[in-house]
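Notes for the structure review
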Amino acid sequence: MTMDITFNVGGAAGQGIDKIGDLLTQIFVKAGFYTFTIKDFESRIRGGYNFTQIRVSDIPVYASNDEIDVIVALTRAAIVGKRDQLVENGVIIFDDSIDFTELEQCHLPLPLEKTAKEVGGDTRMTNSAALGAVLSVLKYPFEMASEALEAIFQKKGEKVIQPNIKVARAIYDIARDHFQGECSHDLSTLRGGPSEDKLVLSGNRAIAFGALAANVKWISSYPMSPSTSAFQDIVSVAHTLRIGAFQTEDELASLTMAIGASFAGARSMVTTSGGGFSLMVEGLGLAAMTETPVVIYNAQRPGPATGLPTRTEQSDLLFMAHASQGEFPRILLAPKDPLEGFNITVRAFDLAEKFQVPVMILGDQYFADSVMNIPRIDVTGIKIDRGKLAPRGSDREYKRFQLTEDGISPRAFPGDVGKIVVAAGNTHREDGHISEDPNVRNEMVEKFMKKTPQILDALNPPTLEGPPDAETTLLTWGTVWGPVFEAVNILAADGVSINQLHFSDVFPLKTERLMAIFAQAKRVISIEQNATSQFARLVRMETGLNVDKMINKYDGRPMTAGWVITRLKEVGVQ
């Protein structure tokens, strides 16, 4: 029987919730299991009710679960916050200093903080105490936990390793002696899972690693949640890898600085969220007019204005597809998970330089902060494609915007010996100098538009999960892939004729497979994390095709397979 356990660690900001979640994740990853972790937190530094939820399974999992097996509560609010999602024989573990008298059989008050202080000498080891309690009620073999803790704290030395193990063991024994209930899972015979995927990665870190693998040489950003950690990860190695990095005074400055660095020859990117991208729109037009490649990562969050700054949404698609005045090609990519986030970021730099256009990566808070274990990434085969470069050597006739059959001009950079490089934000001639001649304007607009067919050829088609002749097709893009994919598998196992058509390369839109699936499906249902079905609208704009039903979620919280299945049944999918 498949093992599928969900842990929820809740409390106030600043209580170490993430650390307990990280410990649980790493222990089960090291034991050979698949994990998926989400983080739900308020927009405040201290207090409030936040939680980390970890799903562990012996088969790959791609989304969170609705039902919870074990709750670790560090505040009273955390005890009641998720209690209605606790499964039968689920367990709530909380510190015995919390005033909570509505005890049920599977409520387990324990001296977590007291044991951390008395046994370990430091209340910061409450994390390890909570870990020991969780493993005890699951009857998880402590020797496996001990080995994992040694590996986790290895860099901190024995002075940290041994006290943490002692604290975890002490609470493990106390919980074993005091717990009277029956937990929904018994892991006493557990000896390991089948997974060899040991790299634990969030979406933001995957973006950062992809940029590093693509040889990014400049990053500028005005930090904005939930994209900030991607910027921080690159900044942390910027000196070692000789990357220019700068925290700017605002978002427009961050993009224009990146454009300047790219104009000078450096692979460049910015990180932001929707509100920050709003301020970059003028700079986006400058990148387009000067045909300067740049990569923009937007970790979307609910708007407008400040909206829900620590929540998730897919509501910037149409804005980014049409941002800035005028008409020009751009590319939008939307990774479905961290592994694809890495690969898409590498591709983004190549595509930007090959076609000399802005490339925008659409993540969201769910993608940015969720964590899963994936296969080790082999970067040895990555080849950098810098696109069409002008030959070295003197060329007094060099024209930065030379008219070519494919609309792409050879790039040279300021300082190249024997070449003069001129660019302007105005309409310009081939040599870069400003012109208002209508014939020049026509030539330059047509030069832009020649790139689009080639861009479409370079983009990946949508993926189809399930039988191609299914009666119901679910249309998705970006990070809703995971919960919808799990829902499709559950429904298919119950005999429902269903498949999923998913886009990660979202603009410009590749339409061949899309139109073929629309032609044969009995009904097409779009599922999006926004209120207006923006991708379905984009499909209609590009093809004239309408979906039959639209399912939308816009409360700022991520989807689950259970939520998707419930909504599908409401629109008649049985």
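Residues numbered from 1 in each chain as written. Predicted model: local features only at pLDDT ≥ 70, side-chain atom pairs only at ≥ 80, totals over all residues. Heavy atoms only, no water.

**Observations concerning the pattern of salt bridges**
Under the criterion given, the structure shown has 23 salt bridges. Note that Glu340 is salt-bridged to Lys336, the shortest N-O span being 3.7 Å. Residue classification places Glu340 among the buried residues on the basis of a relative accessible area of 18%. According to the relative accessible area criterion, Lys336 is partly exposed, its value standing at 24%. (Salt bridge = Lys/Arg side-chain N within 4 Å of Asp/Glu carboxyl O. Buried < 20%, exposed > 50% of the residue type's maximum accessible area, 1.4 Å probe, protein only.)

**Quick word on the packing of aromatic side chains**
Considering all chains together, one arrives at twelve aromatic pairs under this definition. Aromatic pair Phe277 and Phe319: ring centres 5.3 Å apart, planes at 75 degrees, arrangement edge-to-face. Of the two residues, Phe277 is situated in helix H11 (residues 274–289) and Phe319 in helix H12 (residues 317–322); the sequence distance between them amounts to 42 residues. Among the aromatic side chains, those forming a connected cluster through ring pairs are Phe7, Phe28, Phe33 and Tyr140. The cationic tip of Lys336 hangs over the ring face of Trp481; the distance from NZ or CZ to the ring centre is 5.0 Å. Over the aromatic face of Trp563 sits the side chain of Lys553, whose NZ or CZ is 5.6 Å from the ring centroid. (Phe/Tyr/Trp six-rings, centres within 6.5 Å; stacked < 30°, edge-to-face > 60°. Helix = DSSP H or I, 4+ residues; strand = E, 2+ residues; numbered from the N terminus. Lys NZ or Arg CZ within 6 Å of the ring centre and 35° of its normal.)

**Details of the packing of helix H13 (residues 338–355) against helix H16 (residues 451–458)**
The N-to-C vectors of H13 and H16 enclose an angle of 155 degrees; their axes lie 11 Å apart at closest approach. The angle between H13 and H16 places the two elements in the roughly antiparallel class. As for how H13 packs across H16, the hand of that crossing is right-handed. Across the interface between the two elements, Arg347, Leu351 and Phe355 of H13 pack against Lys451, Gln454, Ile455 and Ala458 of H16. When its residues are assigned to classes, the contact of H13 with H16 shows four nonpolar, one polar and two charged. (Axes fitted to C-alpha atoms, helices over the stretch in contact; angles between N-to-C directions. Parallel < 35°, antiparallel > 145°, perpendicular 65-115°, else oblique. Left-handed = near helix turned anticlockwise from the far one by under 90°. Contact = heavy atoms within 4.5 Å. Nonpolar A, V, L, I, M, F, W, Y, C, P; charged D, E, K, R; others polar.)

**Some remarks on helix H6 (residues 158–178)**
Here H6 contains 21 residues, and its C-alpha end-to-end distance of 30 Å stays within 8% of the 30 Å for a straight helix at 1.5 Å per residue. Within H6 the residues assigned to the buried category are Ile161, Pro163, Asn164, Ile165, Val167, Ala168, Ile171, Tyr172 and Ala175. The inward-facing, buried residues of H6 abut strand S6 (107–110), helix H3 (112–120), helix H4 (126–137) and helix H5 (142–152). (Expected span 1.5 Å × (residues − 1).)

**As for empty space enclosed by the protein**
Scanning the entire structure with this criterion turns up six cavities of 30 Å³ or more. Roughly 110 Å³ of internal volume is contained in the largest cavity. Lining the largest cavity are 13 residues, and of these Phe36, Lys336, Asp337, Pro338 and Tyr366 lie nearest its centre. Every element with two or more residues in the lining of the largest cavity is listed here: helix H14 (365–369), strand S14 (371–374) and helix H17 (481–493). Across the lining of the largest cavity, the residue classes break down as eight nonpolar, three polar and two charged. Residue lining of the second largest cavity: Ser262, Phe263, Thr290, Glu291, Thr292, Pro293, Arg400, Arg411, Ala412 and Phe413, and that is the complete set. (1 Å grid on protein atoms, 1.4 Å probe; cavity = no way out; pocket = protein on both sides within 12 Å on 5 of 7 lines; lining within 4 Å. Points joined across faces, edges and corners; volume = space filled by probe spheres on them.)

**Some points on the sheet that holds strand S20 (residues 549–552)**
Spatially, five strands are ordered S15-S17-S16-S19-S20 in an open sheet, and the strand pairing comes out mixed. Both edges of this open sheet fall to strand S15 (463–465) and S20, since each of them pairs with a single strand only. In this sheet, neighbouring strand axes are inclined to one another by 25 degrees on average, regardless of whether the strands run parallel or antiparallel. The strands that helix H19 (residues 534–543) touches are strand S16 (472–477), strand S17 (498–503) and strand S19 (523–528); relative to S19, the one it contacts most, it runs at about 130 degrees. (Pairing = 2+ DSSP bridges.)

**Digging into the pairing of strand S10 (residues 268–272)**
Burial of S10 is extensive: five of the five residues sit out of reach of the surface. Neither face of S10 is exposed, since Ser268, Val270 and Thr272 on one face and Met269 and Thr271 on the opposite face are all buried. As defined by bridge partners, strand S8 (residues 218–221) adjoins S10 across three bridges and the pair is classed as parallel. Bridge pairing links Trp218 to Ser268 in S10. Of the pairings in the sheet, the one linking S10 to strand S11 (residues 294–300) comprises four bridges and is parallel in character. Looking at S11, one finds that Thr271 is bridged to Tyr297. Handedness of the crossover joining S10 and S11 through H11 is recorded here as right-handed. (Right-handed = clockwise from strand over helix to strand, strands pointing away.)

**A few points about the sheet that holds strand S2 (residues 34–40)**
Within a sheet, adjacent strands bond to each other through the backbone by hydrogen bonds, running parallel or antiparallel. With mixed pairing, the eight strands of this open sheet are ordered in space as S6-S5-S4-S1-S3-S2-S14-S7. Edge strands, defined here as strands with exactly one partner in the open sheet, are S6 and strand S7 (199–202). Geometrically, the sheet is characterised by an average inter-axis angle of 20 degrees between neighbouring strands, direction not taken into account. Bridge count for strand S1 (residues 4–13) against strand S4 (residues 68–73) is four bridges, and the pairing is parallel. Within the sheet, the bridge partner assigned to Asn8 lies in S4 and is Ile71.

**So, the domain arrangement of the protein**
Its domain assignment divides the protein into domain 1 (4–195), domain 2 (200–374), domain 3 (388–459) and domain 4 (463–570). Computed from C-alpha coordinates alone, the two centres of domain 1 and domain 3 are separated by 59 Å. (Domains from an automatic or database assignment.)

**Quick notes on the side chain of Thr126**
Structurally, the position occupied by Thr126 is in helix H4. On the basis of relative accessibility, which here comes to 14%, the residue Thr126 falls in the buried class. A polar contact of 2.6 Å, which involves the side chain of Thr126, links it to the backbone oxygen of Thr123. (Polar contact = N/O pair within 3.5 Å; in protein donor to acceptor, adjacent residues only side chain to side chain.)

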